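Per-entry structural report
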Amino acid sequence: MKSAVETLNPTRVRLTVEVPFEELKDSLDAAYKKINQQVTVKGFRKGKIPARVIDQRFGRGAVLEEAVNDALPKFYTEAVNEAELNVLGQPEVDITELKDGETLNFTAEVDIRPAIEIPDYSGIEVEVDAVEVTDEDIEKSVEQLRERFASTSPVERAAEEGDVVTIDLQAKVDGEVLEDGVADGVSYTIGSGELLDGIDDAVKGLEAGGEATFTSELKGGSAAGKEAEVTVKVTQVAARELPELDDDFAQLASEFDTLDELKADSRKRLENMKQFDQATQAQERVLEKLLELVEVPVPEKLLEDEINTRKHNLEHHQLGQMGLDLEKYLEIQGKTVEEFDAETKEAAVKGIKTQFVLDELVKQEKLNVNQEELTEHLMRRAASSGMSPDQFAQAVVEGGQVPLLVGEVARGKALAVVVEKAVVKDTNGEVIDLDDEDEVEQATETVEAAEGTADAAAEEKSEG
């Protein structure tokens, strides 16, 4: 076999392959054997029909077609390996010549990973938000905890903002009561925004036994997105009572003895959360700076496939779970189809560039993934997918996805290396040290977000 490579552009090549006919012998034998098992000829036992009889009865062309279909993947793979190409996706194969007993010639056009040169990235500088926890933040955190321990007691008065009302609901569309549009005994906190638009104004001022009708767009169910006439009847009004903010509350709501200790713990937790957010922000901005430094050609077919995958994930999984279609989603977002398409393309380009650049860095820095890192990553992905670690691990192994997980962690390590060499300052001008034992896993999450692989995982799970 002889092969040659022609570069069509930085991300696509054409392989020209010439195969001497004798190299097709194994595939021809396999073709005769396969046809032997599929046909019957009077006078011959099944599987024992001579090749000349098959040629006479069914045509040599059928045998050649079967043999070539069997042989092409092997010769294509040999040509790719010989040229040391890093191919992407499936090739477009064209048989240019097939002479029985002489030669098989074919071409294969395929996308390849572009050659990328990583410049010196040690001078990257980024600015991030400073970690500042205010007294107001502490008060808000404690107030949220206080809300969780609120109690309710029925009152004989009109419903007010913040009250918990028990209500019966009935929704009509075009004058007909919906089968799934009736609900009794629903508990609702006025002002929470957890039910239908317009319900707060409808129930305020009503006492137990009071009733009101209002119009609202349904958020889910069989008539999602349609305008409905909703009748709401209040069966009970209950006032919410918040516990006093004192040491007794601290003992009730936490393991602490005093309110001051509870507030100190809240401050520490908020600081940790903001430090995590700060690290993520630093990684995102360092990644953006790195991508700006590197020239990365993007294969057209790969980009097209990535855009289609992202649209599919959004329309059939994320929006489907919310009872929305793309048209309604764009209306809520205030975007045109053109704006949505442009944003999707931009995100897809960033995802592809991120993978190419970080994969090149993995090679350049000779980074490896150990078992502990892979296990930690697998457990986090399992948690985010809603599966147990054992279930997720089994699905990954059966689907041949282990190399993909290894690649994700390796790219996270590559980003962590770049962040480590970058200068990160907060808005106060202070240099930030992001050294953390969870840095690689956090960087891996940042990479996943940039690549869009988290959405892909959600799609795999829902389709599985």
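Quick caveat: nothing in here was measured; it's all calculated off a predicted structure. In this convention, every chain numbers its residues from 1, walking through the sequence in written order. Given that the model is predicted, a residue must reach a pLDDT of at least 70 before its local features are reported, and side-chain atom pairs must reach 80 or more before they are shown or counted; all residues, however, enter totals for whole chains, interfaces and linings. Each side-chain value is derived from all of the structure's non-hydrogen atoms; neither hydrogens nor water enter the calculation.

Examining the pattern of salt bridges
Here is the rule we go by: By definition here, a salt bridge exists when the distance from a side-chain nitrogen of Lys or Arg to a carboxyl oxygen of Asp or Glu is within 4 Å. We count a stretch as a helix when DSSP gives it H or I for four or more residues in a row; a strand needs E for two or more, and each element gets its number in order from the N terminus. Partly exposed describes any residue whose relative accessible area lies between the buried limit of under 20% and the exposed limit of over 50%, with all areas from a 1.4 Å probe on protein chains only and scaled to the type maximum.
Throughout the structure, instances matching the rule amount to 36 salt bridges. With a shortest N-O distance of 3.3 Å, K263 and E139 are connected by a salt bridge. Within this pair, whereas K263 is found in helix 7 (residues 259-293), its partner E139 is found in helix 4 (residues 135-148), the two being separated by 124 residues in sequence. Residue classification places E139 among the partly exposed residues on the basis of a relative accessible area of 38%. Taking the shortest distance from any N to any O, the salt bridge between E360 and K363 comes out at 3.7 Å.

What to know about the side chain of D111
The cut-off we apply is this: Identification of polar contacts relies on pairs of N or O atoms within 3.5 Å, with a donor-acceptor requirement for protein atoms, meaning one able to donate a hydrogen and the other able to accept it, and with residues adjacent in sequence counted only if both atoms are side-chain atoms. In this description, contact between two residues means that some pair of their heavy atoms is separated by no more than 4.5 Å.
With respect to the element layout, D111 can be found in strand 4 (residues 103-112). At a separation of 3.0 Å, a polar atom in the side chain of D111 contacts the side chain of R12. When near neighbours in sequence (up to four residues on either side) are disregarded, D111 contacts T11, R12, N86, V87, L88, P299, K301 and L302.

Some words on unusual backbone geometry
Its identity as a non-glycine residue notwithstanding, D174 has a phi of 55°, on the positive side. Here D174 lies in the loop between strand 7 (164-173) and strand 8 (176-189). One non-glycine residue, K366, lies in the positive phi region at around 55°. Along the chain, K366 falls in the loop between helix 10 (337-364) and helix 11 (371-385). Judged by its relative accessible area of 68%, K366 is exposed.

Here's the deal with the packing of helix 7 against helix 14 (residues 439-451)
The cut-off we apply is this: Axis angles are defined between N-to-C directions and span 0 to 180 degrees, where every axis is a line fitted to C-alpha atoms and, for a helix, only to the segment in contact. Orientation labels follow simple angle bins: below 35 degrees gives roughly parallel, above 145 gives roughly antiparallel, 65 to 115 gives roughly perpendicular, and whatever is left gives oblique. Rotating anticlockwise by less than a right angle from the far helix to the near helix defines a left-handed crossing, while the corresponding clockwise rotation defines a right-handed one. Lys, Arg, Asp and Glu make up the charged group, whereas Ala, Val, Leu, Ile, Met, Phe, Trp, Tyr, Cys and Pro make up the nonpolar group; the residues left over, Gly among them, are polar.
Contact geometry of helix 7 with helix 14 gives a least axis separation of 10 Å together with a crossing angle of 55°. In terms of axis orientation, helix 7 runs oblique to helix 14. Once helix 7 is placed against helix 14, the crossing between them reads as right-handed. On helix 14, the residues touching F276, A279, T280, Q283, E284 and L287 of helix 7 are E439, Q442, A443, T446 and A450. Looking at the contact of helix 7 with helix 14 residue by residue, the classes come out as 5 nonpolar, 4 polar and 2 charged.

Considering the environment of Q355
Mapped onto the fold, Q355 is located in helix 10. On the basis of relative accessibility, which here comes to 26%, the residue Q355 falls in the partly exposed class. Here the alpha-carbon distance between Q355 and Q37, two residues 318 residues apart in the chain, equals 47 Å. Apart from the residues within four sequence positions on either side, Q355 is in contact with R113, R411 and E451. Within the structure, the side chain of Q355 is placed 3.2 Å from the side chain of R113, a separation counted as a polar contact.

Focus on the UniProt feature "domain: PPIase FKBP-type" (unreviewed entry) in the chain
Convention followed: UniProt positions are given in the numbering used here, feature names are shortened, and annotations may be inferred rather than shown by experiment.
Residues given the UniProt feature "domain: PPIase FKBP-type" (unreviewed entry) here are residues 162-215. Across residues 162-215, helical content stands at 9% and strand content at 54%; the span's end C-alpha atoms are separated by 22 Å.

A look at a nonpolar patch on the surface
The criterion, for reference: Exposure above 30% relative accessible area and the absence of a salt bridge qualify a residue for a patch, where like charges join within 9 Å and nonpolar side chains (Val, Leu, Ile, Met, Phe, Trp, Tyr) within 5 Å. Here the open area of atoms and residues is found with the Shrake-Rupley method and a 1.4 Å probe, where only the protein chains shown may cover a residue.
A contiguous nonpolar surface patch, about 220 Å² in accessible area, is contributed by V93, I95 and L98. Locating I95 in the fold gives a position in strand 3 (residues 87-99). Residue class for I95 comes out partly exposed when judged on its relative accessible area of 38%.

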